[in-house]
Amino acid sequence: LTRGRCNIRLPNWFGHCTKGDHRDFVAIGASVGVAVAFNAPIGGILFMIEEGSSFFSRSSAWRAFAATVLGAVLTELLHLLSQDW
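First things first, this report covers the structure right here in the doc. (Residues numbered from 1 in each chain as written. Predicted model: local features only at pLDDT ≥ 70, side-chain atom pairs only at ≥ 80, totals over all residues. Heavy atoms only, no water.)

## Re unusual backbone geometry
1) Next: The backbone phi angle of N39 is positive, close to 55 degrees, even though this residue is not glycine.
2) Next: A relative accessible area of 46% means that N39 is categorised as partly exposed. (Buried < 20%, exposed > 50% of the residue type's maximum accessible area, 1.4 Å probe, protein only.)

Put into structure tokens, the structure is as follows:
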């Protein structure tokens, strides 16, 4: 990663990802963002299918489902924990 005069080498945690994998990561990230923002996991998945991904993939849909449900659960957990303060 090169920005200006700073050269930073980031670790390669995901191995060798293809461009399709990167597109899936971006689409799933967008679906989680929509799901958490509107507290609607199914809405996030529908957003990914309609707008986020260039083609439909069952594996991406299942990954998005797991990620959006996890995001919604964590949001509710943080909401419950913040009520005690």
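## Examining the nonpolar core
1) Next: If you look at the biggest cluster of nonpolar residues, it comprises six residues: A27, I28, I45, M48, A61 and A64.
2) Next: When residues no more than four places from it in sequence are discounted, the contact partners of I45 are S31, A64, F65 and T68. (Core = buried A, V, L, I, M, F, W, Y, C linked by side-chain atoms within 4.5 Å. Contact = heavy atoms within 4.5 Å.)

## Examining the environment of T75
1) Next: On the secondary structure map, T75 appears in helix 3 (residues 58–83).
2) Next: In the structure, T75 is positioned 39 residues away from V36 in sequence and 6.9 Å away in space, judged by C-alpha atoms. (Helix = DSSP H or I, 4+ residues; strand = E, 2+ residues; numbered from the N terminus.)

## As for the packing of helix 1 (residues 19–38) against helix 2 (residues 41–52)
The geometry of a pair of packed helices is captured by two quantities: the angle between their axes and the separation between those axes.
1) Next: Between helix 1 and helix 2, the shortest axis-to-axis distance is 7 Å and the interhelical angle comes to 140 degrees. Classed by the angle they form, the pair helix 1 and helix 2 counts as oblique. Relative to helix 2, the crossing made by helix 1 is right-handed. Within the contact between the two elements, helix 1 uses A27, I28, A30, S31, V34 and A35 and helix 2 uses P41, G43, G44, I45, F47, M48 and G52.
2) Next: For the contact of helix 1 with helix 2, the class distribution of residues is nine nonpolar, four polar and no charged. (Axes fitted to C-alpha atoms, helices over the stretch in contact; angles between N-to-C directions. Parallel < 35°, antiparallel > 145°, perpendicular 65-115°, else oblique. Left-handed = near helix turned anticlockwise from the far one by under 90°. Nonpolar A, V, L, I, M, F, W, Y, C, P; charged D, E, K, R; others polar.)

## Considerations on helix 2
1) Next: Those residues of helix 2 that fall on the buried side of the exposure criterion are G44, I45 and M48. Seen from one end, helix 2 has its buried residues packed into an arc of 100 degrees, which puts them on one side. Residues of helix 2 that are exposed and point more than 90 degrees away from the buried face comprise I42, E50 and E51.
2) Next: Packing partners of the buried residues in helix 2 comprise helix 1 and helix 3. (Arc of directions from axis to C-beta.)

## Overview of the packing of aromatic side chains
Think of a pair of aromatic rings as described by two things: how far the centres are apart, and how the planes are tilted against each other in angle.
1) Next: Counted according to the given criterion, the structure contains one aromatic pair.
2) Next: Geometrically, the ring pair formed by W62 and F65 is edge-to-face, given 5.9 Å between the ring centres and 90 degrees between the ring planes. One end of the pair, W62, and the other, F65, are both in helix 3, three residues apart, so they sit about a helical turn from each other. (Phe/Tyr/Trp six-rings, centres within 6.5 Å; stacked < 30°, edge-to-face > 60°.)

Treat this as a map of the structure, not an account of what it does.
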